[in-house]
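Survey of secondary and tertiary structure
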Amino acid sequence: MQTDFPATSVHRTLALLLAMVTLLPAATSADEKQVSVYAPVATYTLPVLERSGHEYIGLLELLEPLGRVSSESAGGRWKIRYNAIEAEFAAGKMRCRIRGHDFNLSAPFLIENSRGLVPLGSLSPLLPHFLGGQVNFHESARRLFIGEVGIQPSFQLEPGPPSRLVLNFSAPVNPTISTEPGRVRMLFKRDPVVSPGSQSITFDNKVITQASYSENNGAAVLDVSASMPLLASFSNNGKTIILAPAPTIANEAPGAPPASGSTNPPQTQPAAQSASGNAAPNVQRPLAVVDPAHGGSERGAALSDTLAEKDVTLGFGRLLRHELEIRGFAVLLLRDGDNTLTVDQRAGTANGARAAVYLSLHATSQGNGARVYTALLPVEEPGKGPFRAWNSAQIPALAVSRTVATVIVSEMQKKQFAARGSAASLRPLNNLLMPAVAVELAPGTKGITDLTSANYQQQAAAAIAEAVVSVRDRLGVQQ
Amino acid sequence: MIPRHLLLSVAAMLVLVIGLGIYGRRMRRQAGELEEPAASELPVARPASGPTETVTLYVADDAAGLLRAQSAKILLPGGRQQRAEELLRALLRIYQQPGAAHPLAPASDIRSIYLVDPGAAVIDVNAAFADQHRSGILSEQLTVNSLVETLSANVPGVRRVDILVEGKTRETLAGHADLTQFFDVQAVSQAVSGP
């Protein structure tokens, strides 16, 4: 018995396969769009989603680090509660209700996997209804300023010789600095740097000729043009950057703390030595690596039906970064988004950055308060010559790790957390060269909701940061 | 007009389907007539024989976050390896009781324990042990510590312990506790008896 397959169905199948092959690569863009949010309590970045020609952002994710927030989604309607403010949105509709008043979005509201997405163009008029106070959104650059957080630079050219350009900021900054022939570029992603007043300043100087300011994709950029290579150095607790011509015999500067917010050690110019040639430490701030556990395909523990450990650790990590930065640490946040990192990558990055301390953050729905862990080392493998075995790299630093853990427990107990210390076979603690601890945050008196409470997390983060500061002198890669 | 060969094919298939259905029912009836052991969700097997011995089990308590040494009388077979297996199964039975202070899934089981001289023990657990284990640093570490301490306390000479899942190395027990290396019994004991 023979059967002829209709020719049309074959053609349809082929067309579908062809569409999948061509459309799938287009769906992934190499240049991910982001919004950088600068607020007094936190600085963070969020991904931007493109839908039907509009740019969108998750409203819950935007508000979460700023206060107590919860949401529910049912039948095309999406409700959010931020502190005491309630708002209701409907999928596909531009009209919503906030505090009982109607409000129109610039594009239809979207619900994806219970996430509520608002158009980026609506943030400026929308957010003051939730946050009150000043909200300033640089839409084209995707930088959101909440409150008076902007840092304005001022320029001062010292004609020399040698010519020097001194940039003063109203608060410590930590840009990624890159150099290329004729230009030094400073990229401020973590710092709420704003325009100095003029987009471009021309100097009457043969060496340093011009400085220009621009913003793009969640970051501010200061470009300084020069007729010879320049090196950057920091002073005044990170509030001053000095650009000066590179010495003719240039030595490699000692490792500077890399810019925070990246998941890999940045490939940028380290801080320079001073002109006298003394190897003075140009960067005063020790580097702390904050590692929000899990991420991407690795969700971690299911804390509730809708809450994954990886989401709590990310918010917690951002808060801890802020708490450490305001206490004088440079911070490298190993994961500032929902991406997957292996334990070897985490250890490699921290070791490569020569961090002073490593802090891994976990969360659990079991128990209450917090547990602070140091490495429970496996059976020691023999080293090979000058090389220490990877799985027992922590040995020289273990004593200081235990000190750090003890102090963290003490500080958390002062803030009414039921905290205890212990040892755990938890990677990558045993692979790290510097003092390393893991903090597992558990609910407080209010149950699981504590884990998503910015207040609760901030208290924990402040306690950890205070503890780390108190043992600052003992930190660093141990010999 | 339906072709003849098509009619014959359909008829043959119908006969086959009906015949298989009748055969299947008969097989099911025969299976039901066989005497079955009492249904049990616990895959843990009891030893066939052996004297009752007093052993020390290190039992985890999640709320307190520690291990408690608990004396128990259990039937232990003669062989060293079988004794070790029965020892950890006795521990498992405690965790599988309703309301256990450190609950483990009812389907969790110790597949086997290998004692490799000098001083190494390999505990092979089944997939359910790991797949259905609660995820969390404390919970997983307590399970690991409990197995290591119980084994080393009752099987002389064990100095390092490895844990496999279905005969293979797994990265973590349930997302946290590292299972890729041998556990140092001395280090675990120090951690257990720590402050």
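This structure is a prediction, so every number in the text was calculated from the model and none was measured.

**As for the interface of chain B and chain A**
If you look at the interface, chain B gives 23 residues, while chain A gives 23 residues. For the side of chain B that touches chain A, the secondary structure elements donating two or more residues are helix 4 (137–154), strand 6 (183–184) and helix 5 (185–192) of chain B. Counting residues per element, the side of chain B that touches chain A draws most heavily on helix 4 of chain B, at five residues. Its residues assigned to classes, the side of chain B that touches chain A comprises ten nonpolar, nine polar and four charged.

**A few points about the nonpolar core**
Residues and elements named next belong to chain A. Core analysis: the largest hydrophobic core is formed by 143 residues, its most contacted members being Ala 288, Val 289, Ala 355, Leu 359, Ile 408 and Ile 464. No other element matches the ten residues that helix 7 (residues 454–470) contributes to this core. Each of domain 1 (34–146) and domain 3 (287–377 + 388–474) accounts for three or more of the residues forming this core. Counting 26 residues, the second-largest nonpolar core is a separate cluster that includes Leu 165, Val 184, Ala 219 and Ala 220.

**Thoughts on the pairing of strand 20 (residues 219–226) of chain A**
Residues and elements named next belong to chain A. Summarising the sheet, strand 17 (residues 183–188) and strand 20 pair through six bridges and their orientation is antiparallel. Note that in strand 20 the partner of Met 186 across the bridge is Leu 222. Sheet analysis places strand 19 (residues 208–216) next to strand 20, joined by eight bridges and oriented antiparallel. Residue Tyr 213 lies in a different strand from strand 20, and its bridge partner there is Leu 222. Between the end of strand 19 and the start of strand 20, which pair antiparallel, lie two residues, with Asn 217 showing a positive phi angle near 50 degrees.

**Structural notes on helix 3 (residues 123–131) of chain A**
Residue and element names in this part refer to chain A. Among all positions of helix 3, only Leu 123, Leu 126, Leu 127 and Phe 130 are buried. The buried side chains of helix 3 occupy one side of the element, clustering within an arc of 95 degrees when seen end-on. Positive phi shows up at Gly 132, right after helix 3, with a value of about 65 degrees.

Reading the values: the criteria
Residues numbered from 1 in each chain as written. Chains lettered and ligands numbered in written order. Predicted model: local features only at pLDDT ≥ 70, side-chain atom pairs only at ≥ 80, totals over all residues. Contact = placed C-beta atoms within 7 Å. Helix = DSSP H or I, 4+ residues; strand = E, 2+ residues; numbered from the N terminus. Nonpolar A, V, L, I, M, F, W, Y, C, P; charged D, E, K, R; others polar. Core = buried A, V, L, I, M, F, W, Y, C linked by C-beta atoms within 7 Å. Buried ≥ 20, exposed ≤ 12 C-beta atoms within 10 Å, placed from the backbone. Domains from an automatic or database assignment. Pairing = 2+ DSSP bridges. Arc of directions from axis to C-beta.

Read these as geometric descriptors, not functional statements.
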